[in-house]
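Summary of structural features
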Amino acid sequence: HAGHSINPQRQEGPHAHSATFAPNSPFVIVADLGLDALVVYRFDNAAGTLTEVGRGAARPGAGPRHVAWHPTGRALYVGNELDNTVATYDFDPQTGALRERQVVRSVPPNAPESYIAHIQVGPDGRCVYVSNRGHDSLAVFAIDGTGELTRLAIVSCGGKWPRHFGVSPDGRWALVANQHSDEVVVLPLDGDGVPGERVGGATAPGAACVQFWEGVA
């Protein structure tokens, strides 16, 4: 990647922050925070090559970081690190084309300096979750029948600097990697998917990522 965007401290050059396969499709979406772009590649499995086929634009200064897919595979949710927003994009699985449709904020208007980290769709496809570093919270959005988002709640992450989190496969728990408080904390999820107050945790120095393993005991 080459180029830059409008933030001289964070977007002085390209910063490919994540690469995520589209479901049931040969495309890979690369969120480039430095370019304010979602770069779409076609992956050739036989040759092991990537070919750029297009780009989805983010607003100047948004800083796309991580992405999560709607269960249908026809909508993409993007966590924009620098302007604390979640953008909904329509996705064409035949061509790889992306079109921004909706933008919602992940923190309240009076929030301190904060940066979105991780984004995930819950296992039942009803909610989108986002972690906010600085505001130290999780934002929860309900997904409607069109794929658009309505914010349900913004709740404490139970620690400091939620770098990453994971929602359990049964949808009952969220485990949050709070990097600056050196722990992974456990938050229960209610019937609407909204996290409650922490009920447990474990020390994990510099916790940066969690991943559930759905193996056989």
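Before reading further, recall that the structure is shown in the block above.
So, here is what we can say about the structure in this document. What you are looking at is a predicted structure, and each value in this text was computed from that prediction instead of being measured.

1. What to know about the overall build of the chain
- Helices and strands together make up the secondary structure of the chain, namely zero helices and 16 strands.
- Taking 17 Å as the expected radius of gyration for a compact globule of 217 residues, we find that the chain reaches 17 Å, a close match to that expectation.
- Its C-alpha atoms put the chain at 45 × 45 × 35 Å along the principal axes.
- Relative to its full complement of 217 residues, the chain shows a buried share of 50%.
- For the chain, the share of sequence-separated contacts (at least 6 apart) that also reach a separation of at least 24 residues comes to 41%.
- Carbon together with sulfur atoms contributes 52% to the accessible area of the chain, which is approximately 10100 Å² in total.
- Charge separation in the chain, taken as the distance between the mean sites of 16 positive and 22 negative side-chain charges, equals 1 Å.

2. With respect to the side chain of Asp 32
- Residue position: Asp 32 is located in strand E2 (residues 27-32).
- Buried within the structure, Asp 32 lacks any salt-bridge partner; its nearest side chain of opposite charge belongs to Arg 55, at an N-O separation of 6.6 Å.
- For Asp 32, the side chain forms a polar contact with the main-chain nitrogen of His 15, separated by 2.7 Å.
- Within the structure, Asp 32 has its side chain in polar contact with the backbone nitrogen of Gly 34 (distance 3.0 Å).
- If sequence neighbours within four positions are ignored, Asp 32 has contacts with His 1, Pro 14, His 15, Ala 16, His 17, Ala 37 and Pro 64.

3. Looking at the sheet that holds strand E4 (residues 49-57)
- With respect to topology, four strands assemble into an open sheet ordered E1-E2-E3-E4, the strand pairing being antiparallel. Two strands in the sheet have a free side with no partner beyond their single neighbour: strand E1 (16-21) and E4. Between one strand axis and the next, the sheet turns through 25° on average, direction left out of account.
- Here six bridges tie E2 to strand E3 (residues 37-44), and the two strands are oriented antiparallel to one another. From the neighbouring strand, Val 28 faces E3, where its bridge partner is Tyr 41.

4. Some points on the nonpolar core
- Ile 29, Leu 38, Leu 76, Tyr 89, Phe 91 and Leu 98 are the most contacted members of the largest nonpolar core, which has 16 residues in total.
- Elements represented by at least two residues in this core include exactly E2, E3, strand E5 (64-69), strand E6 (75-80) and strand E7 (85-91).
- Each residue touching Leu 98, except ones within four places of it in the same chain, is listed here: Ile 29, Leu 38, Val 40, Gly 56, Leu 76, Tyr 89, Asp 90 and Phe 91.
- With 15 residues, the next largest nonpolar core counts Val 140, Ala 153, Cys 157 and Val 176 among its residues.

5. Examining the packing of aromatic side chains
- In this structure the tally under the stated criterion is four aromatic pairs.
- Judged by centre distance (5.6 Å) and plane angle (80°), the rings of Phe 21 and Phe 43 are edge-to-face. With Phe 21 in strand E1 and Phe 43 in strand E3, this residue pair connects regions lying 22 residues apart in the sequence.
- Among the aromatic residues, those joined into a ring-pair cluster are Phe 27, Trp 69 and Phe 91.

6. Overview of the environment of Val 39
- The residue Val 39 is located in strand E3 in this model.
- Linking Val 39 and Asp 190, residues 151 residues apart in sequence, is a C-alpha distance of 36 Å.

7. Focus on the pairing of E3
- Taken together, E2 and the strand that follows it, E3, pair antiparallel across an intervening segment of four residues, in which Asp 36 is found at a positive phi of about 55°.
- Looking at chain direction, E3 and E4 are connected through eight bridges and run antiparallel. Looking at the pairing, Asp 44 lines up with Thr 49 of E4.
- Counted along the chain from E3 to the antiparallel partner E4, the turn is four residues long, and its residue Gly 48 has a positive phi close to 70°.

About the criteria used
- Residues numbered from 1 in each chain as written.
- Predicted model: local features only at pLDDT ≥ 70, side-chain atom pairs only at ≥ 80, totals over all residues.
- Heavy atoms only, no water.
- Helix = DSSP H or I, 4+ residues; strand = E, 2+ residues; numbered from the N terminus.
- Rg over C-alpha atoms; globule rule 2.2 N^0.38 Å.
- Buried < 20%, exposed > 50% of the residue type's maximum accessible area, 1.4 Å probe, protein only.
- Contact = heavy atoms within 4.5 Å.
- Areas by Shrake-Rupley, 256 points an atom, 1.4 Å probe, with all protein chains shown as cover.
- Lys, Arg positive; Asp, Glu negative; His and termini not counted.
- Charge placed at Lys NZ, Arg CZ, Asp CG, Glu CD.
- Salt bridge = Lys/Arg side-chain N within 4 Å of Asp/Glu carboxyl O.
- Polar contact = N/O pair within 3.5 Å; in protein donor to acceptor, adjacent residues only side chain to side chain.
- Pairing = 2+ DSSP bridges.
- Axes fitted to C-alpha atoms, helices over the stretch in contact; angles between N-to-C directions.
- Core = buried A, V, L, I, M, F, W, Y, C linked by side-chain atoms within 4.5 Å.
- Phe/Tyr/Trp six-rings, centres within 6.5 Å; stacked < 30°, edge-to-face > 60°.

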